[in-house]
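One-letter residues, chain by chain:
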Amino acid sequence: NLVYNMLSDTDYAISGAADTLVAVWQGDPSADRVNVLGNQLRAWAKCNAGRVYLYNVITSTTGMPSASARAALQTQFESMRGQLLGCAIVLEKTGVEGTLARAVLTTLITVTQQPFPMRVFSLRRDALFWLARQGCTAKASALTGVADTLCQRLLSQRSSLPSR
């Protein structure tokens, strides 16, 4: 399986395996970062016969995206019509906050009628099973390894920051 070099800062990290780009968010999902994600999706699709899947892990420390970030995300997704074949979003917030956030996000996805299949999950394994059913060829074990590596990289970057 082809594995892509990591791209990251202290709030997000992106890498990939086979036909799937993996994004892990642990901080501000700004419009600039969303645009970088869009550029990486297009580059990944070029390397994979014009097709790509997105495994998007939003950790419990990630805030809500701003209006400009949401608009940038919609623009990026529209530009990927026919190339982005599925997007699994794992929203790892727990408790009532997590349940409400997943319900709101699911409603937004339904209302905005995305140009490809997209689902929201609370568990990574459920998202991986769904991606496989959508035709994703990346192995769940490879995607799990990439996501875990990205999370560790983000944690180490954040722990090396000076205290405020």
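Residues numbered from 1 in each chain as written. Predicted model: local features only at pLDDT ≥ 70, side-chain atom pairs only at ≥ 80, totals over all residues. Heavy atoms only, no water.

(A) Up close: the pattern of salt bridges. Under the definition given, this model contains seven salt bridges. Here aspartate 19 and arginine 51 are joined by a salt bridge, their closest N and O atoms 3.3 Å apart. Residue aspartate 19 is located in the loop between strand 2 (12-17) and strand 3 (20-25), and its partner arginine 51 is located in the loop between helix 1 (31-47) and strand 4 (52-58); the two are separated by 32 residues in the primary sequence. Residue arginine 51 is classed as partly exposed on the basis of its relative accessible area, which comes to 26%. Among the salt bridges present, the one from arginine 124 reaches glutamate 92, with a minimum N-O distance of 2.6 Å. You can see arginine 124 sitting in helix 4 (residues 124-134) and its partner glutamate 92 sitting in the loop between strand 5 (84-91) and helix 3 (95-112), a full 32 residues away along the chain. (Salt bridge = Lys/Arg side-chain N within 4 Å of Asp/Glu carboxyl O. Helix = DSSP H or I, 4+ residues; strand = E, 2+ residues; numbered from the N terminus. Buried < 20%, exposed > 50% of the residue type's maximum accessible area, 1.4 Å probe, protein only.)

(B) Focus on the state of the cysteines. Tallied over the full model, the rule gives zero disulfides. Left unpaired, cysteine 87 is separated from the closest cysteine sulfur, that of cysteine 136, by 12 Å. No disulfide involves cysteine 151; its sulfur sits 16 Å from that of cysteine 87, the nearest cysteine. For cysteine 151, a relative accessible area of 10% puts it in the buried group. (Disulfide = S-S within 2.5 Å.)

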